[in-house]
Amino acid sequence: QVQLVESGGGLVQPGESLRLSCAASGTIFSMYLMGWYRQALGKQRELVAAIASGGMTNYADSVKGRFTISRDNAKNTVYLQMNSLKPEDTAVYYCNVYMGVRGSAWGQGTQVTVSS
């Protein structure tokens, strides 16, 4: 059974940084597309960033230049480095693994709050 465990969320002031981590178990992590999504209160869940098995990345326009997604296949972990955080980045952040015909799996989420 695939399990994803996020960590690293918290309360920060505008302009500060956070790094989220997502540790995966129960699958060959390196084979799959990994992504970070977020869901703000009252809004739909949206893709923030994704990274393919080969390292190609994709970002939402709202975070380009500020966020960086990376993966360490040896540690079965994907990261999201978030710099220059804004109040509108406040949301619950979820890790996702897309396994093709096997479907996908989600972590439990970690809260990020950006407020002065």
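Up top is the structure.
Let us look at the structure shown here.

Rules of the game
Residues numbered from 1 in each chain as written. Predicted model: local features only at pLDDT ≥ 70, side-chain atom pairs only at ≥ 80, totals over all residues. Heavy atoms only, no water. Salt bridge = Lys/Arg side-chain N within 4 Å of Asp/Glu carboxyl O. Buried < 20%, exposed > 50% of the residue type's maximum accessible area, 1.4 Å probe, protein only. Helix = DSSP H or I, 4+ residues; strand = E, 2+ residues; numbered from the N terminus. Polar contact = N/O pair within 3.5 Å; in protein donor to acceptor, adjacent residues only side chain to side chain. Phe/Tyr/Trp six-rings, centres within 6.5 Å; stacked < 30°, edge-to-face > 60°. Lys NZ or Arg CZ within 6 Å of the ring centre and 35° of its normal.

## So, the pattern of salt bridges
Applying the stated criterion to the full structure yields four salt bridges. For R38, the salt bridge goes to E46, with nearest N and O atoms at 2.7 Å. Relative accessible area serves as the criterion here: at 36%, E46 is assigned to the partly exposed category. A single network of salt bridges, built from pairs that share partners, joins R38, E46, R66 and D89.

## Notes on the side chain of R66
Examined against the element boundaries, R66 turns out to sit in the loop between β6 (57–59) and β7 (67–72). Taking the relative accessible area as the measure of exposure, R66 reaches 10% and is therefore buried. A polar atom in the side chain of R66 sits 3.0 Å from the backbone oxygen of S84. Only 2.8 Å separates the side chain of R66 from the side chain of D89, close enough to count as a polar contact.

## Considerations on the packing of aromatic side chains
Scanning all chains against the criterion turns up two aromatic pairs. Ring centres of Y37 and W106 lie 4.9 Å apart, and the angle between their planes is 65 degrees; on these two criteria the pair is classed as edge-to-face. Separated by 69 residues along the polypeptide, Y37 in strand β4 (residues 33–39) and W106 in strand β10 (residues 104–106) bring together distant segments of the chain. According to the relative accessible area criterion, W106 is partly exposed, its value standing at 38%. Consider the rings of Y94 and W106, whose centres lie 6.4 Å apart with planes at 90 degrees: the pair is edge-to-face. Pair noted here: Y94 is in strand β9 (residues 91–98) and W106 is in strand β10, with a separation of twelve residues, a long-range link. Under the relative-accessibility criterion, Y94 is labelled buried at 14%. These aromatic residues form a ring-pair network of at least three members: Y37, Y94 and W106. The ring of Y94 carries R45 above its face, with NZ or CZ at 3.7 Å from the centroid. A cation sits over an aromatic face here: R45 above W106, 4.6 Å from the ring centre.

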